[in-house]
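# Summary of the model geometry
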Amino acid sequence: MKEYGHYINGNWTKPENGQTFESKDPATGLTLALFSKGGKTDVAHAVEAAEEAFPRWKRYPAPKRGEILLRAASIMRERKDALGELVTKEMGKVIAEGRGDVQEAIDFIEYISGEGRRLFGETTTSELPDKFCMTIRQPIGVVGCITPWNFPIAVPSWKLGAALVSGNTVVFKPATLTPLCATALVEIFEEAGLPKGVLNLVTGSGEEVGKPIVEDPRIKAVSFTGGVSAGREVYSRASGGLKRVGLELGSKNPLIIMDDANIDLAIEGILFGAFGTAGQRCTATSRVIIHERCYDETLGKLLEKTKALRVGLPLEPSVDVGPVCGEDQQRKILKYIDVGKKEGAKLLCGGQKMTGGFSDEGFFIQPTIFEAVHGMRITREEIFGPVLSVIRAGGYEQAVEIANDVEYGLSSSIYTQDITTAYRAIHDLETGITYVNAPTIGAEVHLPFGGVKNTGNGAREAGTAAIEEFTEIKAVFIDYSGRLQKAQIQE
Ligand code: UN1
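Everything quoted here is computed from the prediction, not taken from an experiment.

With that out of the way, let us pick up the pairing of strand β16 (residues 368–371). Sheet analysis places strand β15 (residues 346–349) next to β16, joined by three bridges and oriented antiparallel. By the bridge assignment for β16, Cys-349 is matched with Ile-369. Relative to strand β17 (residues 387–393), β16 runs parallel, the two sharing four bridges. Looking at the pairing, Glu-371 lines up with Val-390 of β17.

Right, here's the structure in full:
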């Protein structure tokens with residue numbers, strides 16, 4: 001069995017205590033590889049290496065930093081199929097989505113590498129003669145990137161790409177469920193020519209590795225994607241050090257279907273949005289709010305199509321829905337299905353763990369639909385699995401009210417043919433992302449990604465906004481008058 005260490009200062013090492021953990025294929029239960037169980041000492045070494053590498057990386061011209069990233073993207077392109085397969089094996093999403101995960105990483109790394117030739121500041125006027133004013137962007141220093149398992153190549157690439165092109169050095173902690181993807185990604189950056197110490201990987205749990213990263217005073221910023229309670233803990237622990245923190249947390253994304261919608265198009269959107277990645281996306285459609293005038297027709301069609309979805313081994317191209325990512329995930333999702341039943345939601349399809357044949361080896365859950373009433377726990381709390389609540393609404397106003405009445409606000413969608421309704425919804429829906437006539441998933445990397453309310457703390461990833469998370473802005477005043485000029489005092 002292959003065993004991987006941490007990657008610190010350009011070397012693949014072993015943890016001091018020599019302990020390991022397994023990464024498993026959630027479809028087959030087979031162990032893929034062993035990984036070092038990191039701890040405080042490993043994090044300290046990684047931070048030391050990152051700190052030492054920082055001054056040179058900061059001075060390394062940004063376009064050259066971009067070139068290294070571009071090389072990494074081209075290696076990813078060459079290995080797209082193998083990496084896609086790796087994503088599917090380690091995380092469980094179906095193979096087309098495994099490749100999509102890799103494509104999203106390529107897209108973003110290519111996009112952000114161009115930032116090496118931009119990293120724009122501003123130039124502006126001065127209130128005094130013979131004086132010039134501008135802003136420049138500078139890296140923050142050593143930053144911590146803590147990433148989730150659901151997009152094991154794409155989301156780390158968002159964070160690492162933006163942090164590195166901006167001139168920061170990084171301590172990277174991937175989710176314990178997907179360390180193999182993270183290792184493959186780091187190997188690619190190494191091959192692309194990243195100098196030693198610039199990117200360091202420490203594998204292990206949130207408690208043993210995440211916490212020391214967040215608390216180390218030498219780490220100046222932390223970018224975290226994960227659940228809301230872990231996010232809160234990261235935020236409060238980092239606050240003592242007054243660190244920059246970027247959070248991308250939970251959501252409960254609504255999809256509204258108006259009575260003038262193209263129903264068949266909406267159904268396709270729901271199937272992809274709710275059951276793609278087995279519902280394990282921050283952007284997953286978890287509530288469908290249907291106008292009462294098209295409720296019965298839509299629900300009937302939705303049920304028929306959902307029952308026809310093929311759940312199976314995710315490497316088979318004809319499979320629509322793969323396993324959920326591990327036993328804990330399965331338990332949590334089944335618990336929510338139970339909660340839904342107990343609070344009186346009507347189970348319309350699914351609702352069971354799959355048993356028999358291949359499914360006994362892995363963690364499969366049937367695509368599940370509840371007819372629910374807004375306010376039930378299953379309509380408010382993030383489930384992160386293939387469980388959808390369908391809610392009836394009397395009209396546009398009520399649909400939007402229901403959509404907004406949750407603590408989260410990442411993504412939303414409305415299906416309508418009416419341009420006025422569409423534009424109203426764009427303004428009314430309280431989310432960081434809104435789709436019209438498309439499901440809640442599928443954000444493109446050149447636009448900002450992030451949410452409002454408890455989905456985060458205002459940070460945005462992807463797009464040009466990505467560099468905000470990882471740069472400081474410095475104001476510069478250049479006086480070429482040859483005399484002391486006094487702003488605010490001199491006439
Ligand atoms: C996530 O679930 O954390 O918009 C990321 C989407 C993907 C990214 C999802 N492009 O669904």
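Attention shifts here to the site of the ligand. Near the ligand the following residues occur: Glu-104, Asn-150, Phe-151, Glu-248, Arg-281, Cys-282, Thr-283, Ile-441, Gly-442, Ala-443 and Phe-449. A distance of 3.0 Å separates an oxygen atom of the ligand from a polar atom in the backbone of Gly-442. Ala-443 is positioned with one of its backbone polar atoms (N or O) 2.7 Å from an oxygen atom of the ligand. Protein contacts shield 99% of the accessible area of the ligand, which totals 320 Å² for the unbound molecule. Grouping the constituent residues of the shell around the ligand by class yields five nonpolar, three polar and three charged.

Let us look at the environment of Phe-470. The topology assignment puts Phe-470 in the loop between β21 (452–453) and β22 (471–479). Given the relative accessible area of 2%, Phe-470 is considered buried. For the pair Phe-470 and Gln-138, spaced 332 residues apart in the sequence, the C-alpha separation amounts to 8.6 Å. Excluding its chain neighbours within four sequence positions, the residues that come into contact with Phe-470 are Gln-138, Pro-139, Ile-140, Val-143, Cys-145, Lys-159, Ala-162, Ala-163, Ser-166, Asn-168, Ser-223 and Arg-244.

With that settled, the discussion passes to the sheet that holds strand β6 (residues 123–124). Spatially, three strands are ordered β6-β7-β22 in an open sheet, and the strand pairing comes out antiparallel. Two strands in the sheet have a free side with no partner beyond their single neighbour: β6 and β22. Relative to strand β7 (residues 131–139), β6 runs antiparallel, the two sharing two bridges. Bridge pairing links Thr-123 to Met-134 in β7.

What follows is about the nonpolar core. Here is a general trend for soluble globular proteins: nonpolar side chains tend to be buried in one another's company. Leu-160, Leu-164, Val-170 and Phe-189 are the most contacted members of the largest nonpolar core, which totals 63 residues. Not counting the four nearest positions on each side in its chain, Leu-164 is found in contact with Trp-57, Arg-65, Leu-69, Val-170, Phe-189, Leu-194 and Val-198. Val-339, Ile-365, Ile-369 and Tyr-415 belong to the second largest nonpolar core, which has 44 residues in total.

This part is about helix α5 (residues 154–165). Note on helix geometry: an α-helix contains 3.6 residues per turn, so any two residues three or four positions apart are oriented the same way. In a regular helix each residue adds 1.5 Å, so 12 residues correspond to 16 Å; α5 covers 16 Å between its end C-alpha atoms and thus fits that length. Judged by how many residues are buried, α5 sits mostly within the fold: 12 of 12 residues are covered. Inspection of α5 places Ala-154, Val-155, Pro-156, Ser-157, Trp-158, Lys-159, Leu-160, Gly-161, Ala-162, Ala-163, Leu-164 and Val-165 among the buried residues, and these make up the whole buried set. A positive phi of about 100° marks Gly-167, the residue just after α5.

The mixed open sheet is built from seven strands, whose spatial order is β15-β16-β17-β14-β13-β19-β20. Two strands in the sheet have a free side with no partner beyond their single neighbour: β15 and β20 (433–436). In this sheet, adjacent strand axes meet at a mean angle of 25° when their direction is disregarded. Pairing of strand β14 (residues 285–291) with β17 involves five bridges; the strand directions are parallel. Across the sheet, Arg-287 pairs through a bridge with Ser-389, a residue of β17.

The next point concerns the pairing of strand β13 (residues 253–257). Put simply, side chains in a regular strand alternate between the two faces of the sheet. The buried count for β13 comes to five of five residues, which makes it a mostly enclosed element. Taking every second residue as pointing to the same face, both faces of β13 are buried, with Asn-253, Leu-255 and Ile-257 on one and Pro-254 and Ile-256 on the other. For β13 and β14, the ladder comprises five bridges, and the chain directions are parallel. Residue pairing across strands places Pro-254 opposite Arg-287, the latter belonging to β14. Direction of pairing for β13 relative to strand β19 (residues 411–415): parallel, over a ladder of three bridges.

Rules used in this analysis
- Residues numbered from 1 in each chain as written.
- Predicted model: local features only at pLDDT ≥ 70, side-chain atom pairs only at ≥ 80, totals over all residues.
- Heavy atoms only, no water.
- Pairing = 2+ DSSP bridges.
- Helix = DSSP H or I, 4+ residues; strand = E, 2+ residues; numbered from the N terminus.
- Near = heavy atom within 4 Å.
- Polar contact = N/O pair within 3.5 Å; in protein donor to acceptor, adjacent residues only side chain to side chain.
- Areas by Shrake-Rupley, 256 points an atom, 1.4 Å probe, with all protein chains shown as cover.
- Nonpolar A, V, L, I, M, F, W, Y, C, P; charged D, E, K, R; others polar.
- Buried < 20%, exposed > 50% of the residue type's maximum accessible area, 1.4 Å probe, protein only.
- Contact = heavy atoms within 4.5 Å.
- Core = buried A, V, L, I, M, F, W, Y, C linked by side-chain atoms within 4.5 Å.
- Expected span 1.5 Å × (residues − 1).
- Axes fitted to C-alpha atoms, helices over the stretch in contact; angles between N-to-C directions.

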